[in-house]
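Descriptive analysis of the structure
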Amino acid sequence: MPLGLPLKVTPLAQNFYKTIEAIPDGGAVLWVNDQGFATWVELGSGEIALYKHLFSLAQKRGLRLVFATTSSADGTVLTDRTIREEIIPGGFTKGLKYGENWVQLGWLPGWETSLRGLVTDVRAIARTDYFGTPIDQIPMMKNINSVKDLSLLGNSGYYVDEYGRQWTGLGKPWIDLLSATTVAMAKPWIEKGLLTAYLNGQRGCAEYEAITGYRGFATAAMDAQSLAHVLGILILLVPSTLYLVKLVTGRKSANGDKK
Amino acid sequence: MSASAKTWRTLTVLAFILPGLFILFARYTGIGQFMAARVVGWPVTLATFAIVLGVVTFVRTHSTLVIKREKYWPYNLVALLSFLLTFGMAFAYKPVYDYILTNVVQTLQIAFMGFIGFYNLTFFFHGTRRRTPEVGVLMVVSIFVMLWMAPIGEIISPIFPIVGQWLNDIPSGGAMRGFLICVAVGMILQYVRSVLGYERAWSGGAA
Amino acid sequence: MTEFTVFTDLLVAALIVMAWSLVYRESAAYRLVEHIALGTFFGFMLYAGLNTLYTKTIIPLFETWPIDLVIVTAIGILMWTRVVPKVQWPSRIAIAVLAGVSMAVAVTGAVSGQIIQLITAMGSWTGPNLKANLESIISAVATFTTVLFFTYTREHKGVLFPISRIGRYFMMIGFGAIMGTFLMANVSFSIGQIPKLVTGYGRYVSIVAVIVIAVDLLLNKRRAKEKAQHAGP
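None of these values were measured; they are calculated from a predicted model.

On to the overall build of chain A, then. What chain A contains, in helices and strands, is 9 helices and 6 strands. Viewed in the frame of its principal axes, chain A has a C-alpha envelope of about 90 × 35 × 30 Å. In chain A, buried positions account for 55% of the 259 residues. Expressed as a percentage of contacts within chain A between residues at least 6 apart in sequence, the contacts between residues at least 24 apart total 69%.

Listed below in structure tokens is the structure:
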């Protein structure tokens, strides 16, 4: 049921957008998509908006994009599908060429070890790309071997700590498209800028869609989320309120009996 | 225990300790970083071998149940046939494989995760029936945070998102930091215990 | 709308309804869809695993024969000895290497990233902004008391008791925040599927499902009544 509730864009989403816009011309971005098929419902539209944003910056300012997945194989399928079904048909790769402007490294199972490898020595972790091409034959990857050659690190998924352990203290900005379940765990990392910016779940995705103009499912789902939250609050409050009323009336009648 | 079993156990323990200690040594001294980076890349290969092993175990388990005609064996047969169809189509005809991935695998993963949404609400109901001050704190904080996350919170009152975000950022942020520090310390202790031989869970209990 | 789209709509809606039938009660439909999910997921994982093994290991192995890749491939093949119980000991070596490397990488990250960085990243107490200073103090107290709550080397009595109690309350605030944010993520799974059940041809599947549940409820009620009558006074 559409309620048409206004969505206020918070500083969290604005910081996320500004961090991406602040990448220098020609800079390289590493994006690790560690979402599963299930989390795609929550974060997928935000990820699609992000890819559109990154690819449009690649067209305007020559950004180089490196995509990888380190936990489950789902992420690599979702990245490939997004690029084939949303980015290429949407004209976001016009003037760009695979291997010169973007690379898909595919699935690098191992999670933390792969995250570590991506920032220390890419060639040790990903000897070929998603399609089997040796990495030394990919023009873009000639100048990208470690975090020194990257301008931005980013990931999407359920977790934040593993990325914090391996990606902080490297002197590069790190952004996260984070599921709402772990938003509470992100605060220790963001306090002094260890984590530069994050989007908080579907709400953050909806705000980011509003900023970039690439509206999708997250925006449409906000009204339903509001109704679900009201239901959740009623379920929390009603039994407790009834219990308190029972407690108070029980005490009153007990006092009345004593008199 | 036989001599060969003792030898294998020793080799297993060395296989656990040596690569890990080499990585730690390279990280903190800077010596051998090139080779250490390659060792860090080993899980990429080993995990793929493990996946194949996992699938073989799956096929073996379900085949045994079908052959022995255990209870619900037709469902095990359905599992095997679904597996063969999906895997076969990946090589035989990719569009059907993509179709299965999008309309069966993804749909069912989301549907099963959807239970959590239903049970979240029943958890709210059951979880707050125990009336203690801690549960009261939990309830109040979760209401404010929910009204911070959902757009309707700003409509009801601008106080809710302000308080909700403050609760998430300051007291909750501090508690989560403490929690993360404890998790990290626990992880380090677990590794030290494993290296010293007090923990063998990673080897399937081969002590 | 082609027949293929109709079939897809019906298939997706049927799978969702069969999966969600567990909320009503466990049934043959749920068991069927559970096993389909299992089989298709393993099919996907095997293809993804073999594809990665081929592109990331076999292609580079046969291109340049790097010594480290030769060693790890040999160790990986040892892992497959687990299939034969009599010779499964070598497989533990492969598992040990995997566990050892993963734990070592996690530990190095835990020391530098999760302990040192998080502690040094705590806010200042003596800055020019009073509000920020107060918030930093509250956050630091929350951190300190939470860490003390998890200290099990001493019994929580004396001065430790009230401090760990305060830590417990701060943790309840943290869990309350997690609980509050949990709902958004978990409800999004249901929100994502509901359009498939109420729009297009999926709504017919939903109508059939509602009728089936209603009939089942009526039949159960009748059976319960008959049972009560047979049981007698």
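Let's pick the thread back up.
The next subject is the overall build of chain B. Within chain B, the secondary structure is distributed over 9 helices and 0 strands. Counting helices and strands in the order they occur from the N terminus, chain B gives α-α-α-α-α-α-α-α-α. The globule rule puts the C-alpha radius of gyration for 207 residues at 17 Å, and the 26 Å found for chain B is more than 25% above it. On the principal axes, the C-alpha backbone points of chain B span a range of 70 × 55 × 35 Å. Going through the 207 residues of chain B one by one, you find that 43% of them count as buried.

This next bit is on the interface of chain A and chain C. Taken together, the 38 residues of chain A in the interface contact 34 residues of chain C. Looking at the side of chain A that touches chain C, the elements that each hand over two or more residues are α2 (40–61), β3 (102–107), α4 (112–120), α6 (161–167), α7 (183–190), α8 (201–212) and α9 (217–258) of chain A. At 6 residues, α9(A) tops the list of elements feeding residues into the side of chain A that touches chain C. When grouped by side-chain class, the residues that make up the side of chain A that touches chain C number 14 nonpolar, 15 polar and 9 charged.

The next thing to look at is the interface of chain C and chain B. Taken residue by residue, the interface counts 95 residues in chain C and 89 residues in chain B. Secondary structure elements with two or more residues in the side of chain C that touches chain B: α1 (3–20), α2 (28–64), α3 (67–79), α4 (89–120), α5 (130–149) and α6 (160–198) of chain C. The leading source of residues in the side of chain C that touches chain B is α4(C), at 23 residues. Residue classes in the side of chain C that touches chain B are distributed as 63 nonpolar, 25 polar and 7 charged.

A word on helix α1 (residues 11–21) of chain A. Spacing of three or four residues puts side chains on the same side of an α-helix, whose turn is 3.6 residues. Residue and element names in this part refer to chain A. What α1 keeps buried is the set Ala13, Phe16 and Ile20. Summarising the axial view, the buried residues of α1 lie within an arc of 55 degrees, below the 170-degree limit, and thus occupy one face. Turned more than 90 degrees away from the buried face of α1 sit Pro11 and Glu21, all of them exposed. Those residues of α1 that are buried are in contact with α2, β5 (174–178), β6 (197–200) and α8.

Attention now moves to the packing of helix α5 (residues 94–127) of chain B against α2(C). Orientation of α5(B) relative to α2(C), taken along the N-to-C sense of each, is 125 degrees, at an axis distance of 10 Å. In this view, α5(B) runs oblique relative to α2(C), as classed from their interaxial angle. For the pair α5(B) and α2(C), the crossing hand works out as left-handed. Facing α5(B), whose interface residues are B:Ile100, B:Leu101, B:Val104, B:Val105, B:Leu108 and B:Phe112, α2(C) presents C:Val33, C:Ile36, C:Ala37, C:Thr40, C:Phe41 and C:Phe44. In terms of residue class, the contact of α5(B) with α2(C) is made up of 11 nonpolar, 1 polar and no charged.

On to the environment of A:Phe55, then. If you trace the backbone, A:Phe55 turns up in helix α2. Residues A:Phe55 and A:Phe92 lie 37 residues apart in sequence; the distance between their C-alpha atoms is 5.8 Å.

Moving on, we come to the pairing of strand β4 (residues 152–157) of chain A. Residue and element names in this part refer to chain A. Counting buried positions over the 6 residues of β4 gives 6, a clear majority of the element. Burial along β4 is two-sided: the residues Leu152, Gly154 and Ser156 and Leu153, Asn155 and Gly157 are all buried. The sheet contact formed by strand β1 (residues 28–33) and β4 spans 5 bridges and is parallel. Across the sheet, the residue bridging to Asn33 is Ser156, located in β4. Of the strand pairs in this sheet, β4 and β5 are connected by 5 bridges, and their pairing is parallel. Note on β5: the bridge partner recorded for Gly154 is Ile175. In terms of handedness, the path from β4 via α6 over to β5 forms a crossover that is right-handed.

The next thing to look at is the sheet that holds β6(A). Residues and elements named next belong to chain A. With parallel pairing, 6 strands are arranged side by side in an open sheet as β3-β2-β1-β4-β5-β6. Where the open sheet ends on each side, the last strands, each with one partner, are β3 and β6. Geometrically, the sheet is characterised by an average inter-axis angle of 15 degrees between neighbouring strands, direction not taken into account. In this structure, β5 lies alongside β6, joined through 4 bridges in parallel fashion. Directly across from Asp176, in β6, lies its bridge partner Tyr198.

It is worth spelling out the nonpolar core at this point. By size, the foremost hydrophobic cluster in this structure holds 191 residues, and its most contacted members are B:Leu46 and C:Val97. A total of 16 residues in this core trace back to one element, the largest contributor, which is α4(C). Once you skip the residues sitting within four places of it in the chain, B:Leu46 turns out to touch C:Val72, C:Ile75, C:Gly76, C:Met79, C:Ala94, C:Val97 and C:Leu98.

Turning our eyes to something else, we now look at the packing of helix α9 (residues 171–196) of chain B against α4(C). Running from N to C, α9(B) and α4(C) point in directions that differ by 145 degrees, and their axes come no closer than 9 Å. Crossing of α9(B) over α4(C) shows left-handed handedness. Two secondary-structure elements touch here, α9(B) through B:Arg177, B:Leu180, B:Ile181, B:Ala184, B:Met187, B:Ile188, B:Tyr191 and B:Ser194 and α4(C) through C:Met103, C:Ala106, C:Val107, C:Ala110, C:Val111, C:Gln114, C:Ile115 and C:Leu118.

On to the domain arrangement of chain A, then. Taken domain by domain, chain A consists of domain 1 (11–215) and domain 2 (222–259). The gap between the C-alpha centroids of domain 1 of chain A and domain 2 of chain A is 46 Å.

Turning our attention to unusual backbone geometry. Among all residues except glycine, the phi angle is most often negative; among peptide bonds, the trans geometry is most common. In this model, A:Trp111 sits at a positive phi of 55 degrees, which is unusual for a non-glycine residue. Within the secondary structure, A:Trp111 sits in the loop between β3 and α4. Look at A:Trp111 and you get buried, because 23 C-beta atoms sit within 10 Å. We note that B:Tyr72 has phi near 65 degrees; this positive angle belongs to a residue other than glycine.

Moving on to α8(A). Residues and elements named next belong to chain A. In this model, α8 (12 residues) spans 17 Å end to end at C-alpha, consistent with the 16 Å of a helix rising 1.5 Å per residue. Extensive coverage of α8 is indicated by the burial of 9 of its 12 residues. For α8, the full list of buried residues reads Gly201, Gln202, Arg203, Gly204, Cys205, Ala206, Glu207, Tyr208 and Glu209. Immediately beyond the C-terminal end of α8, within one or two residues, lies Gly213, with a positive phi of roughly 90 degrees.

Burial of β5(A) is extensive: 5 of the 5 residues sit out of reach of the surface. In terms of handedness, the path from β5(A) via α7(A) over to β6(A) forms a crossover that is right-handed.

Turning our attention to the environment of B:Gly174. Within the element layout of this structure, B:Gly174 appears in helix α9. The exposure class assigned to B:Gly174 is buried, which follows from the 31 C-beta atoms found within 10 Å. With sequence-adjacent residues up to four places away left out, B:Gly174 is seen in contact with C:Ile138, C:Ser139, C:Ala140, C:Val141, C:Ala142, C:Thr143 and C:Phe170.

The rules we used
- Residues numbered from 1 in each chain as written.
- Chains lettered and ligands numbered in written order.
- Predicted model: local features only at pLDDT ≥ 70, side-chain atom pairs only at ≥ 80, totals over all residues.
- Helix = DSSP H or I, 4+ residues; strand = E, 2+ residues; numbered from the N terminus.
- Buried ≥ 20, exposed ≤ 12 C-beta atoms within 10 Å, placed from the backbone.
- Contact = placed C-beta atoms within 7 Å.
- Rg over C-alpha atoms; globule rule 2.2 N^0.38 Å.
- Nonpolar A, V, L, I, M, F, W, Y, C, P; charged D, E, K, R; others polar.
- Arc of directions from axis to C-beta.
- Axes fitted to C-alpha atoms, helices over the stretch in contact; angles between N-to-C directions.
- Parallel < 35°, antiparallel > 145°, perpendicular 65-115°, else oblique.
- Left-handed = near helix turned anticlockwise from the far one by under 90°.
- Pairing = 2+ DSSP bridges.
- Right-handed = clockwise from strand over helix to strand, strands pointing away.
- Core = buried A, V, L, I, M, F, W, Y, C linked by C-beta atoms within 7 Å.
- Domains from an automatic or database assignment.
- Expected span 1.5 Å × (residues − 1).

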